[in-house]
Amino acid sequence: MGSQLNGTDLTVTGTVPAGADVLVRLMGAPGELHLREKGKVFGLLWMNVGKVNLTNVPGVCLMHSSLPLPLLGKGAQPYRLESMVKAIGIEQEGGNPAIDIPHELLLLKTKEGLYHEAAEGITMGEPTDGMRPFTAHIHVPSSLKPGEYQVEAIAFQGDTSVGQSQTTITATLVGFPKWLSDLAYQKSMLYGVMATVIAIVSGLVIGLVFQSKGAH
């Protein structure tokens, strides 16, 4: 994950029993998420009106299937986004209790490109010796955070899961982002001094530019 990262494609290959379909997903480890709820105060000003603390929230859930998900049957239901958000713990402080927080979270993460499910991106090959190869392409957004992620492939036949495999991949920073991160966490004093100097120099340059144009 370098400074020029604009998303990437993850390719997953494998085989499933002939006659089976497959669901492939990229999952991030569950964690906590703290949000603030906005609302109008006195019908005029948008302000923070409440807090929402969420637990067991996967940072990423990108899912593709060889068939439309409803056609995979009941066996695929626990893997879907709508089932996943139902398992999220919610603690709301103030705000509007009528808001459907799981639905709003799903919209937010989908807009960020971190939650997605669709019947696309999987190519099924011709069966050979009772097995059928598949290739899945999952687009990973640039907003992905460094860390470990699980790649899962689940085979379905009818309403039943007939096989599952998973592996772990690691997203790491490289180049300038890695250097900057290492500097911030390992040499925090030097990082602070550099940030201060850059801010001062930037302020002086902006001041000179606007002064030369006659701005006040």
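Further up the page is the structure itself.
This section reports on the structure supplied with the text.

The rules behind the values
- Residues numbered from 1 in each chain as written.
- Predicted model: local features only at pLDDT ≥ 70, side-chain atom pairs only at ≥ 80, totals over all residues.
- Heavy atoms only, no water.
- Core = buried A, V, L, I, M, F, W, Y, C linked by side-chain atoms within 4.5 Å.
- Buried < 20%, exposed > 50% of the residue type's maximum accessible area, 1.4 Å probe, protein only.
- Contact = heavy atoms within 4.5 Å.
- Pairing = 2+ DSSP bridges.
- Helix = DSSP H or I, 4+ residues; strand = E, 2+ residues; numbered from the N terminus.
- Axes fitted to C-alpha atoms, helices over the stretch in contact; angles between N-to-C directions.
- Lys, Arg positive; Asp, Glu negative; His and termini not counted.
- Salt bridge = Lys/Arg side-chain N within 4 Å of Asp/Glu carboxyl O.
- Polar contact = N/O pair within 3.5 Å; in protein donor to acceptor, adjacent residues only side chain to side chain.
- 1 Å grid on protein atoms, 1.4 Å probe; cavity = no way out; pocket = protein on both sides within 12 Å on 5 of 7 lines; lining within 4 Å.
- Points joined across faces, edges and corners; volume = space filled by probe spheres on them.
- Nonpolar A, V, L, I, M, F, W, Y, C, P; charged D, E, K, R; others polar.

1. Some details on the nonpolar core
Grouped burial of nonpolar side chains is what soluble globular proteins tend to show. Membership of the largest hydrophobic core comes to 42 residues, with the highest contact counts inside it found for Val22, Leu23, Val24, Leu26 and Phe134. Residues in contact with Val22, not counting those within four places in the same chain, are Val16, His64, Ser65, Ser66, Ile122, Met124, Phe134, Ala153, Ile154 and Ala155.

2. Details of the pairing of strand E10 (residues 147-157)
Here strand E2 (residues 21-28) runs beside E10; their pairing, made up of eight bridges, is antiparallel. What sits directly across from Met27, in E10, is Gln150. In textbook terms, the turn of a hairpin is the stretch between consecutive antiparallel strands, and for E10 and strand E11 (residues 160-171) this stretch comprises two residues, one of which, Gly158, has a positive phi near 70°.

3. Details of the sheet that holds strand E8 (residues 122-124)
Read across the open sheet, the three strands follow the order E1-E9-E8; overall the sheet is antiparallel. Strand pairing shows two members of the sheet lacking a second neighbour, strand E1 (8-17) and E8, which therefore form its edges. Averaged over all adjacent pairs, the angle separating strand axes in this sheet is 15°, with direction ignored. Two strands pair when backbone bridges link them, and E1 and strand E9 (residues 131-140) are joined in this way by ten bridges, in the antiparallel orientation. Considered in E9, the bridge of Gly14 is made with Phe134.

4. Remarks on the side chain of Asp21
Inspection of the secondary structure assignment puts Asp21 in strand E2. Arg132 provides the closest opposite charge to the buried, salt-bridge-free Asp21, at an N-O distance of 4.9 Å. A polar side-chain atom of Asp21 sits 2.9 Å from a polar atom in the side chain of Ser66. Non-local contacts of Asp21, meaning those with residues more than four positions away in its chain, are made with Ser66, Leu67, Leu72, Ile154, Ala155 and Phe156.

5. Comments concerning the layout of surface pockets
Estimated volume of the largest pocket: approximately 310 Å³. Among the elements of the structure, strand E3 (30-41), strand E4 (45-58) and E10 are those that each provide at least two residues to the lining of the largest pocket. In this structure, the second largest pocket spans a volume of roughly 250 Å³. In terms of lining residues, the second largest pocket is bounded by Leu35, Arg36, Glu37, Val52, Gln92, Ile99, Ile101, Glu104, Leu105 and Leu108. Here the residues of the lining of the second largest pocket sort into six nonpolar, one polar and three charged.

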